[in-house]
Amino acid sequence: MNKVNILFASIILTITSCTYTKGIAVVNATERPIEITITFSHSDISPINFIVPGNADDVLMYDVDSRSSNLLRMGLNEIRLDNKSCTIHMSRGEAEKKIKKNGLWKLVVGNEMMSCHH
Amino acid sequence: MHKDIDKPVKDFRKNWNQAHRRHIKVHTGAHKATWAKATVLLDKKIIVVHVHLNFKQNNISDADYKKLKYLVRTGIDKYWSRRINVAGNSFMVWVKASHSDVNAIPVDLYVETDKDNYARSMNPATLGIDASFIYNKGWHSNTKNADSDFQLVSAHEFGHSVLMYAGGIPLSWGHKGSTGVLSQSVKSSTPGYPKSGAIDIMKYYDWEKNFATLQRRVTDSIAMEIDVKRLIWGANIK
């Protein structure tokens with residue numbers, strides 16, 4: 001490979017390395033499917049809505065620049081969890097306590113979290 | 001089919017008044033990609049496309065090398081095999097990826113174990129640079145997701161070679177117009193993920209406009225018909 005090609009490739013790699021892939025894993029540790037809705041205070045970010053089957057998980061993967069490296073910093077407003085018999089509204093403050101970072105951010109939804117009787 | 005991908009075959013017989021010579025000018029580059037070979041079974045309406053990748057082990061273990069090769073091969077087979085329509089006829093296209101030391105797309109295989117780093121795979125498909133397919137073992141919280149993500153990413157990165165061959169840098173690096181060629185960032189005009197149905201495996205989408213989870217992308221991503229036709233356009237035809 002000649003020097004021009006190496007330089008060109010280096011430029012591309014430098015530019016593309018300015019974005020990062022981040023993620024939140026949502027683990028449904030209950031038997032029932034849970035519909036998850038995430039809303040943001042920034043109006044230009046549409047709500048995220050998806051269903052995680054019982055005893056399954058899913059991952060929100062997204063690319064961001066270095067200035068806004070995770071969803072929690074990007075105006076996350078509320079997380080709503082709904083399993084048809086119980087709907088839980090988790091504010092940003094509550095989400096920050098319950099979403100743990102271990103590489104990925106991870107939210108584990110168990111029976112206790114989905115109980116509307118406490 | 002050439003016309004479908006905006007590379008029509010030009011028939012010079014009319015211009016040259018040489019109809020007796022059966023001389024047809026085909027667009028430069030058609031059916032000359034060394035890493036793809038297509039077999040058309042007209043009677044069965046099946047097209048089999050064998051694509052060759054030269055998997056390089058680098059410093060990963062034998063077990064990881066074997067596993068990653070398997071995931072790349074099955075990922076390409078899964079996301080690039082589909083039905084296409086040619087002149088009103090439906091053909092099933094089976095794409096079969098395999099390792100080859102020669103006439104193959106060079107691919108460096110890596111395993112990233114850092115749980116805080118999602119390493120980005122890439123395939124410039126030019127400049128004599130090998131593609132890098134990176135398995136994010138540390139970042140994902142379980143093996144199933146890491147495997148699925150790697151299959152999806154590998155099929156996408158393989159597609160860069162297809163787009164590069166058929167349409168050059170703007171088509172390949174620009175993700176079919178969905179990103180800047182050099183910035184790789186989505187354009188303001190790029191839509192969010194489709195609400196339902198097929199997700200174009202070669203496009204980027206603006207997740208802030210509409211999101212798709214990993215499971216949705218694993219389930220609904222597929223190579224678009226035009227891109228499979230681009231693959232066949234580049235492949236040697238048996």
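Residues numbered from 1 in each chain as written. Chains lettered and ligands numbered in written order. Predicted model: local features only at pLDDT ≥ 70, side-chain atom pairs only at ≥ 80, totals over all residues.

## Some points on the overall build of chain B
In step 1: Per the secondary structure count, chain B includes 5 helices and 9 strands.
In step 2: N-terminal to C-terminal, the α/β element order of chain B is α-β-β-α-β-β-β-β-α-β-α-β-α-β.
In step 3: In terms of C-alpha radius of gyration, chain B reaches 19 Å, essentially the compact-globule figure of 18 Å for 238 residues.
In step 4: Principal-axis analysis of the C-alpha atoms places the extent of chain B at approximately 65 × 40 × 35 Å. (Helix = DSSP H or I, 4+ residues; strand = E, 2+ residues; numbered from the N terminus. Rg over C-alpha atoms; globule rule 2.2 N^0.38 Å.)

## Section: the overall build of chain A
In step 1: Summing up its helical and strand segments, chain A has 2 helices and 8 strands in all.
In step 2: Here chain A, with 118 residues, has 22% of them falling under the buried criterion.
In step 3: Pairs at least 24 apart in sequence give 69% of the contacts found in chain A among residues at least 6 apart. (Buried ≥ 20, exposed ≤ 12 C-beta atoms within 10 Å, placed from the backbone. Contact = placed C-beta atoms within 7 Å.)

## Focus: the confidence of the model for chain A
In step 1: Summary statistics for chain A give a mean pLDDT of 82 and a share of 75% for residues scoring 70 or more.
In step 2: Within chain A, no element has a lower average pLDDT than helix α1 (residues 3-16) of chain A, which sits at 55, and none a higher one than strand β3 (residues 48-52) of chain A, at 96. (pLDDT = per-residue confidence, 0-100.)

## Side note on the interface of chain A and chain B
In step 1: Taken residue by residue, the interface counts 24 residues in chain A and 26 residues in chain B.
In step 2: Looking at the side of chain A that touches chain B, the elements with two or more residues in it are α1, β1 (19-28), β3, β4 (56-65) and β8 (104-109) of chain A.
In step 3: The element contributing the most residues to the side of chain A that touches chain B is α1(A), with 6 residues.
In step 4: Considering only residue class, the side of chain A that touches chain B consists of 14 nonpolar, 7 polar and 3 charged. (Nonpolar A, V, L, I, M, F, W, Y, C, P; charged D, E, K, R; others polar.)

## A few points about the nonpolar core
One broad rule of soluble globular proteins: the nonpolar side chains tend to lie buried together.
In step 1: B:Ala36, B:Val49, B:Val51, B:Ile76, B:Trp80, B:Leu231 and B:Ile232 are the most contacted members of the largest nonpolar core, which totals 51 residues.
In step 2: Going through the elements one at a time, β1 (33-41), β2 (46-56), α2 (62-80), β4 (89-99), β5 (105-112), β6 (131-136), α3 (143-173) and α5 (225-234) of chain B are the ones with two or more residues in this core.
In step 3: If we ignore the near neighbours within four places in the chain, the residues touching B:Ile232 are B:Met1, B:Ala38, B:Ile47 and B:Val49.
In step 4: Within the second largest apolar cluster, 27 residues are counted, among which are A:Ala25, A:Leu60, A:Val109 and B:Phe211. (Core = buried A, V, L, I, M, F, W, Y, C linked by C-beta atoms within 7 Å.)

## Some details on unusual backbone geometry
Negative phi is the rule for most residues except glycine; trans is the rule for most peptide bonds.
Residues and elements named next belong to chain B.
In step 1: Residue asparagine 58 is not a glycine yet carries a positive backbone phi of 50°.
In step 2: Relative to the helices and strands, asparagine 58 resides in the loop between β2 and α2.
In step 3: A count of 12 C-beta atoms within 10 Å places asparagine 58 in the exposed class.
In step 4: Its identity as a non-glycine residue notwithstanding, alanine 125 has a phi of 60°, on the positive side.
In step 5: With respect to the helices and strands, the residue alanine 125 is situated in the loop between β5 and β6.
In step 6: The exposure class of alanine 125 is buried, given the 21 C-beta atoms found within 10 Å.

## Notes on the domain arrangement of chain B
Residues and elements named next belong to chain B.
In step 1: If you check the domain split of chain B, you get domain 1 (1-30) and domain 2 (33-237).
In step 2: Here the C-alpha centroids of domain 1 and domain 2 sit 30 Å apart.
In step 3: Facing 6 residues of domain 1, the contacting portion of domain 2 comprises 7 residues.
In step 4: Of the residues contributing to the side of domain 1 that touches domain 2, the split by class is 3 nonpolar, 1 polar and 2 charged. (Domains from an automatic or database assignment.)

## As for the pairing of strand β3 (residues 82-86) of chain B
All names here are of chain B.
In step 1: Of the pairings in the sheet, the one linking β3 to β4 comprises 5 bridges and is antiparallel in character. Within β4, the residue paired with asparagine 85 across the bridge is serine 90.
In step 2: Taking the residues that link successive antiparallel strands as the turn, the β3-β4 hairpin has 2 residues, and the phi of alanine 87 there is positive, at about 50°. (Pairing = 2+ DSSP bridges.)

## Here's the deal with the environment of B:Val93
Residue and element names in this part refer to chain B.
In step 1: Mapped onto the elements, valine 93 comes out in strand β4.
In step 2: Judged by the 22 C-beta atoms lying within 10 Å of it, valine 93 falls in the buried class.
In step 3: Remark: the alpha-carbon pair of valine 93 and arginine 82, spanning 11 residues in sequence, is separated by 5.4 Å.
In step 4: Apart from the residues within four sequence positions on either side, valine 93 is in contact with Ile47, Val49, Ser81, Arg82, Ile84 and Val228.

## Details of the confidence of the model for chain B
In step 1: The predicted model of chain B averages 91 in pLDDT, with 91% of residues at 70 or higher.
In step 2: Reported confidences for the modelled complex are a pTM of 0.89 and an ipTM of 0.85.

## Here's the deal with the environment of B:Asp6
In step 1: On the secondary structure map, B:Asp6 appears in the segment before α1 (13-16).
In step 2: Taking the C-alpha atoms as reference, B:Asp6 lies 9.7 Å from B:Arg230; in sequence the two are 224 residues apart.

## Some remarks on the sheet that holds strand β2 (residues 34-40) of chain A
All names here are of chain A.
In step 1: Across the sheet, 4 strands lie side by side as β3-β2-β5-β6; this open sheet has antiparallel pairing. Two strands in the sheet have a free side with no partner beyond their single neighbour: β3 and β6 (87-91). Direction aside, neighbouring strands of the sheet carry axes that sit 15° apart on average.
In step 2: Bridge count for strand β5 (residues 76-82) against β6 is 5 bridges, and the pairing is antiparallel. (Axes fitted to C-alpha atoms, helices over the stretch in contact; angles between N-to-C directions.)

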